[in-house]
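Structural description and commentary
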Amino acid sequence: MRQKKYSVVWLFLLAFSLIWFSPALGAEAKNVILLIGDGMGPEPVGLAIYYNRFMNGMEKRLNMERLMAVGNTGYCLTYQYGTVVTDSASAATALASGVKTRDAIIGKDHDGRPMKTITDIAHQLGKSTGLISNTRITHATPAAFYAHIIHRDMENEIASQLIERGDLNVAFSGGARHFIPAGTKVEDHPDLKGVDKKAGWGRSGRKDGRDLIQEAKSKGYAIVANERELSALEAKDKDKVLGLFSASEFASAIDRQPQQQTGVPMLSQLTEKALEILKKNPRGFFLMVEGGQIDTAAHRNDVAGVLHEMLEFDRAIGVVMAFAESNPDTLVVLTADHDTGGVAIAYSNYQPPAPLKLSNGETWKTKHNFAEKVIFEKMARQKKSFQKMVEDSKWNAAALKKEIGENTAFAITEEQAASLLAKDPQTGFPVPRDYSDFYSSDEKTPTALMGRLFGKETNTAWAAGTHTHTPVMVIANGPAAENFRGLLDNVDIPQIIARGWGETLPAPK
Ligand SMILES: [Zn+2]
């Protein structure tokens, strides 16, 4: 009898200590920040980590490594409804609504039913919400957090849905062309005059006369269009801000290195301002930050381009981590929608190192080149994206030879340049002849051939110009972050976040 009493006491103590010491119980994430690297498979993550160590010192750590060190790391399957490989729209729908769908569909399940998003749940709970991307706010990843549409290419309708719902507190990205009346230009719009010419001017993409910027203002939005306007914005008296910084997507990070371009904020600057605005809500917030152009550079098989996008995204991760350190009720989840390109740093037979006399008198010899620091030094010397070099050459072989000579560590002949630009008679595009099925219409430019031509110089090999099946990393820190351990499925991510808030996904809208 007496023993039984004791065991009851012990049971109480045990239960109490479990509640006390387990962060999962009783700890709710007031704020959730979801970081999505578009196309950021483990390969680009490894590329950025090695670059940083070989170039800056073996003891150096990226912000994403610091997040791995303090948080929980898992792997995530990215397949979409019925297929092995995913599209960005279906992947984003999985990450926003916790449901698998068909490629190109946004915010709807495979039968076209509109689904509730994690953004909707945040609003229900009285939290603020924000979306940031260096692509377009109407692009697949951000769109899945507010829009419901059968095809991702319907970006005018996606823009209309954003303003019609009018409940997002922060939307920072490009894509201004989808918000202005048909027949007008971004640079002529009274509220977008600040858009920098180099950031991207351009004509409206709309078919109707709607001025969504005007409609946004009537719904209480402040509008910002460049870095200066963003930094001048007083977060304390603004609760709704629409920032559109270019007509289409931002220029690639490699093409807007500080010495070349001003006016477009870095992802880290956008993140910092968004946090200032969102953190005012005593009930907390949900923020999604997309490093959206890792994918673009990988589609083009431009390894230095991928590296710049990774480092740009990593700086934004640093801002988020600093915020989460001083606001421990913040859950940070870093993942990717899928891998793009299957990039590999591989050993090769090209220029193996010379034999080496070791101190014990033996001679060490190798047949292979296992990639020394010099590959990163070559990547670092690239000053423009492959795509921009092609554009700036205006598809002229002599001009492309010059562009490559001036902006990379490589020299090519005019004949080689001509072969890069030559169109395959069968496909009509300059893509690898043996592999053109793995380059989608958007990537049918000479960049994949450039990736191949220079590949041996940087030990870089590419699997494809499209997305791959490779599982992606999930790294989480903050309240209940241990739920992101092990092998997950992309639909688990918003489901876990929703559950942490006492809600359920997937759910019909
Ligand atoms: Zn893609």
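Residues numbered from 1 in each chain as written. Predicted model: local features only at pLDDT ≥ 70, side-chain atom pairs only at ≥ 80, totals over all residues. Heavy atoms only, no water.

1. Overview of the coordination of the zinc ion
Taken together, D295 (OD), D295 (OD), H299 (NE2) and H467 (NE2) make up the full set of protein donors to the zinc ion, lying 2.1 to 2.4 Å away. Given four donor atoms and angles of 55 to 153° at the metal, the environment of the zinc ion is assigned as irregular. Summarised as a motif, the one-chain spacing of the donors to the zinc ion is D-x3-H-x167-H. Here D295, found in helix 12 (residues 294-299), pairs with H467, found in strand 14 (residues 467-468); they are 172 residues apart in sequence, far enough to count as distant. The pair formed by D295 and H467 is uniform in burial state, with each residue classed as buried. (Donors = N, O, S within 2.8 Å, 3.2 Å for Na, K, Ca; no water. Tetrahedral: all angles 85-135°; square planar, octahedral: opposite > 155°, others 65-115°. Helix = DSSP H or I, 4+ residues; strand = E, 2+ residues; numbered from the N terminus. Buried < 20%, exposed > 50% of the residue type's maximum accessible area, 1.4 Å probe, protein only.)

2. Things to note about helix 7 (residues 155-165)
Within helix 7, burial applies to E155, N156, I158, A159, S160, L162 and I163. In this fold, the buried residues of helix 7 make contact with strand 3 (128-136), helix 6 (140-143), helix 9 (212-218) and strand 6 (241-244). (Contact = heavy atoms within 4.5 Å.)

3. Things to note about the environment of R499
Position of R499 among the secondary structure elements: in helix 19 (residues 492-500). Along the primary structure R499 and A48 are separated by 451 residues, whereas in three dimensions their C-alpha atoms are 33 Å apart.

4. Structural notes on the side chain of E65
By the element assignment, E65 lies in helix 3 (residues 63-70). Since its relative accessible area comes to 9%, E65 is described here as buried. The residues contacting E65, other than those within four sequence positions of it, are I49, N52, R53 and K60.

5. Some details on the packing of aromatic side chains
Going through the model one piece at a time under the given rule, you end up with eleven aromatic pairs. Judged by centre distance (5.7 Å) and plane angle (90°), the ring pair of Y51 and F376 falls under edge-to-face. Of the two residues, Y51 is situated in helix 2 (residues 42-56) and F376 in helix 14 (residues 374-380); the sequence distance between them amounts to 325 residues. We note that Y51, like F376, is buried. A centroid spacing of 6.2 Å and a plane angle of 85° characterise the contact between F245 and F250, whose relative ring orientation is edge-to-face. Taken as a pair, F245 and F250 share a single burial class, namely buried. Through a chain of ring-to-ring contacts, the aromatic side chains of Y50, Y51, F54 and F376 assemble into a single cluster. Above the face of the Y79 ring, K100 is positioned so that its terminal group lies 3.4 Å from the ring centre. (Phe/Tyr/Trp six-rings, centres within 6.5 Å; stacked < 30°, edge-to-face > 60°. Lys NZ or Arg CZ within 6 Å of the ring centre and 35° of its normal.)

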